[in-house]
Amino acid sequence: GAAGTGQDGQEQAGSSPGMHRVLSLDVTLAPRDPRAPGQFGQPVAVPADKQEEAKSRWKEGNFNVYLSDLIPVDRAIPDTRPAGCSEQQVHDDLPSTSIIMCFVDEVWSTLLRSVHSVLGRSPPHLVQEIILVDDFSTKEYLKEQLDTYMSRFPKVKVLHLRERHGLIRARLAGAEVATGAVLTFLDSHVECNVGWLEPLLDRIRLRRTKVACPVIEVISDKDMSYMTVDNFQRGIFTWPMNFGWKQIPQEVIEKNKIKETDIIRCPVMAGGLFSIEKKYFSELGMYDPGLDVWGGENMEISFKVWMCGGEIEIVPCSRVGHIFRNDNPYSFPKDRVRTVERNLARVAEVWLDEYKELFYGHAPQLLRGGAAVGELGPQRGLRRRLRCRTFRWYLRNVYPDLPAPLARASGLLVNEALAGCIAVEGTTLAFEECDVNSTHQQFNYTWLRLVQHGELCLAPAGVLGAVGLRRCQAGSRSLGWLHGALATGHPGLVSDAAALPCQGGHSAGGH
Ligand code: UDP
Ligand code: MN
């Protein structure tokens, strides 16, 4: 497709009209001090007599802050782009972008290196501005000292928020003041690589509803080296909405002759680094403003983009390094786990339709928080107004390899000793000879642990020991049943002898 533009022996003949070879601007091609530590992305070792100091400074950022401070803020890094990227053609009339970096208590040298990497490796005419959003940091150096330092770069603006917004709302605050046609979000501990920006903007130039993500490379939290990552990675999620990376299988790559430079369409994006047209972002309602602090917003924007007519793409020729770390170095206004879970439950309630059962079924502790997700009306209204597609459509068309059966199991309820099965007759139960073809004997075991036949669910009835049918009610604990085979590891039939009503609901349901 379009990803192969300029790859077919045409590059020697010069540029197509209206296009040019991607610019290789990099002010660090001849670094000021080639022998400085960390230069060219090389690993750095902490000297023996500095081990204690390095150790004690680790928690300032949950990475090797001591080494970061040693490394030049404008160090060179290796050009890690796949072969062919530097010859690729992009349009002359690319939109300009505002670059938005939110931070709370970011390490000084790391923040500066992020900004210098943008200034040093982006075509100036495409950078409308760099907006640094200080999310109410507590560190003194992130106030006047930062303003003073950045005042020498006319394009860099610092926005000091007057209360802690959290990443999600801090990004919205940055977007509000941005004047570029495109918004490019970056974390505050990144290093943009040569040629990173034009390929992103070129995708949006091609179609305004494309959301373009760079390949996120790794800046080691331990030795600060710049490392490339495997190609052909897609952003995916597993239940209950855990983000992850998944390699495209080798046979798929071969069968479809996928090249290293080809665009990769992703079911979900990692969240931290991406470009989106400003007006399109605004049409999508930006982020759900009901999401708190951090987490789950990548799921929300991903579902919203795909289901409402857009696309999410990884652009292999755009590469940005990021310091991955084990824990957030800043405090959460509320409990971290609870915050993320609540955000995810909001996303499920707005976007997953009937598939939210899978989400809750994989995280039963979230069902109880039902009331705490907040007002959903405006988000559901937005989804209707935008005429977005269903989650079923998303699964079929965007992420068909996600296992998402609506029922956890389906089949017969067999009493093995008596070789009989439970059947539904009208609104009552019967006990009959088993017949796999009888629709009356078919039950679904749902993710919310109901034993369901159409609208009716198996329920304890009247006298103790009797079972009957009741209208199903998702989330009803008295209708929940544990599958005996869950303990033995053989999912399948819900056996009469082994199925027990959930005692105490969720404590039993967790296993
Ligand atoms: N951030 C922020 N306010 C918050 C939490 C995070 O501005 O309340 C910033 C943070 O400084 C970073 C970005 O948001 O630049 C993403 O956060 P982080 O790097 O901790 O997420 P991760 O990359 O670990 O997923
Ligand atoms: Mn980060």
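Refer to the structure printed above.
Predicted, not measured: the structure shown is a model, and the values here were computed from it.

Analysis parameters
Residues numbered from 1 in each chain as written. Chains lettered and ligands numbered in written order. Predicted model: local features only at pLDDT ≥ 70, side-chain atom pairs only at ≥ 80, totals over all residues. Heavy atoms only, no water. Disulfide = S-S within 2.5 Å. Helix = DSSP H or I, 4+ residues; strand = E, 2+ residues; numbered from the N terminus. Buried < 20%, exposed > 50% of the residue type's maximum accessible area, 1.4 Å probe, protein only. Donors = N, O, S within 2.8 Å, 3.2 Å for Na, K, Ca; no water. Near = heavy atom within 4 Å. Polar contact = N/O pair within 3.5 Å; in protein donor to acceptor, adjacent residues only side chain to side chain. Areas by Shrake-Rupley, 256 points an atom, 1.4 Å probe, with all protein chains shown as cover. 1 Å grid on protein atoms, 1.4 Å probe; cavity = no way out; pocket = protein on both sides within 12 Å on 5 of 7 lines; lining within 4 Å. Sits in = over half its atoms within 2 Å of the grid points. Nonpolar A, V, L, I, M, F, W, Y, C, P; charged D, E, K, R; others polar. Pairing = 2+ DSSP bridges. Axes fitted to C-alpha atoms, helices over the stretch in contact; angles between N-to-C directions. Parallel < 35°, antiparallel > 145°, perpendicular 65-115°, else oblique. Left-handed = near helix turned anticlockwise from the far one by under 90°. Contact = heavy atoms within 4.5 Å. Expected span 1.5 Å × (residues − 1). Core = buried A, V, L, I, M, F, W, Y, C linked by side-chain atoms within 4.5 Å.

S.K.: When you look at the state of the cysteines in this model, what are you seeing that I'm missing?
M.R.: Here, the word disulfide means a covalent bond between the sulfur atoms of two cysteines. Under the counting rule described, the total for this entry stands at four disulfides. Paired through a disulfide, Cys85 and Cys317 show a sulfur-sulfur distance of 2.0 Å. Torsion about the S-S bond of the Cys85 and Cys317 cystine: about -80°, corresponding to left-handed handedness. One end of the pair, Cys85, is in the loop between α2 (65–70) and β2 (89–91); the other, Cys317, is in strand β14 (residues 311–323), with 232 residues separating them in the sequence. Assigned by exposure class, Cys85 and Cys317 land together as buried. In this model, Cys457 is linked to Cys472 through a disulfide, with the two sulfur atoms separated by 2.1 Å. Note on the Cys457 and Cys472 pair: the S-S dihedral is about 105°, so by sign convention the disulfide is right-handed. On the criterion of sequence distance, the pair formed by Cys457 in strand β21 (residues 456–460) and Cys472 in the loop between β22 (467–471) and β23 (481–482) is long-range, its members being 15 residues apart. Classification of Cys457 as buried rests on a relative accessible area of 0%. For Cys472, a relative accessible area of 19% gives the class buried. Counting its disulfide-bonded cysteines in sequence order, the chain shows a connectivity of 1-3, 2-4, 5-6, 7-8.

S.K.: I would appreciate a short explanation of the coordination of the manganese ion (ligand 2) in the present structure.
M.R.: Tetrahedral coordination by four donors sets the ideal angle at the metal to 109.5 degrees; octahedral coordination by six donors sets it to 90 or 180 degrees. For the manganese ion (ligand 2), the full set of protein donor atoms is Asp187 (OD), His189 (NE2) and His322 (NE2), at a range of 2.1 to 2.2 Å. In the primary sequence, the donor residues of the manganese ion (ligand 2) line up as D-x1-H-x132-H. Here the residue Asp187 occupies a position in the loop between β6 (182–186) and β7 (190–192), and His322 occupies one in strand β14, the gap between them amounting to 135 residues. For His322, a relative accessible area of 11% puts it in the buried group.

S.K.: I keep staring at the site of ligand 1 and nothing clicks. Help me out?
M.R.: Around ligand 1, a shell composed of 16 residues is seen, among which Cys102, Asp135, Arg164, Ser188 and Tyr330 lie nearest. A distance of 3.3 Å separates an oxygen atom of ligand 1 from a polar atom in the backbone of Phe103. Asp135 has a polar side-chain atom sitting 2.7 Å from a nitrogen atom of ligand 1. Starting from 530 Å² of accessible surface for ligand 1 in isolation, the protein chains cover 89%. Mapping ligand 1 onto the cavity grids shows that it belongs to the largest pocket. A per-class count over the shell around ligand 1 returns seven nonpolar, five polar and four charged.

S.K.: Would you explain the sheet that holds β21 in this entry?
M.R.: Within a sheet, adjacent strands bond to each other through the backbone by hydrogen bonds, running parallel or antiparallel. The sheet built from five strands is open, its strands ordered β15-β19-β20-β21-β22 with antiparallel pairing. The open sheet has two edge strands with one neighbour each: β15 (407–411) and β22. If you compare each strand with its neighbour and ignore which way they point, the axes differ by 35° on average.

S.K.: Sorry if this is basic, but what is going on with the packing of helix α9 (residues 297–307) against helix α10 (residues 336–351) here?
M.R.: The angle between the axes and the distance between the axes are what describe a pair of packed helices. For the pair α9 and α10, the least separation of the axes is 10 Å and the interaxial angle reads 15°. The angle between α9 and α10 places the two elements in the roughly parallel class. When you trace α9 past α10, the crossing you get is right-handed. Of the residues in α10, those in contact with Met299, Glu300, Phe303, Lys304 and Met307 of α9 are Leu344, Val347 and Trp351.

S.K.: What is the right way to read the side chain of His116 from this model?
M.R.: As for its placement among the helices and strands, His116 is situated in helix α3 (residues 108–121). You can call His116 buried: its relative accessible area is 18%. Every residue in contact with His116, bar those within four places of it in the chain, is listed here: Val73, Tyr149 and Phe153.

S.K.: Got a minute to help me understand the side chain of Ser117 in this structure?
M.R.: Summarising the element assignment, Ser117 is placed in helix α3. Residue classification places Ser117 among the buried residues on the basis of a relative accessible area of 4%. Residues contacting Ser117, with those up to four places away along its chain left out, are Val190, Glu191 and Cys192.

S.K.: Sorry if this is basic, but what is going on with α10 here?
M.R.: Each full turn of the α-helix corresponds to 3.6 residues, which orients residues three or four apart in the same direction. Its 16 residues give α10 an end-to-end C-alpha distance of 23 Å, which sits within 8% of 22 Å, the value for a rise of 1.5 Å per residue. Here the buried face of α10 lies against α5 (166–177), α9, α11 (356–362), α12 (377–385) and α13 (391–397). In this structure Asp335 caps α10, since a side-chain oxygen of it lies 3.4 Å from the backbone nitrogen of Val337.

S.K.: I tried to follow the nonpolar core on my own but got confused; where do I start?
M.R.: A general tendency of soluble globular proteins is for nonpolar side chains to be buried together. Within the largest apolar cluster, 70 residues are counted, with the highest numbers of intra-cluster contacts made by Phe237, Met241, Phe303, Phe359, Phe391 and Tyr394. Considering each element in turn, this core owes the most residues, seven residues, to α10. Apart from the residues lying within four places of it in its own chain, the contact partners of Phe359 are Trp239, Pro240, Met241, Leu344, Ala345, Ala348, Leu352 and Leu366.

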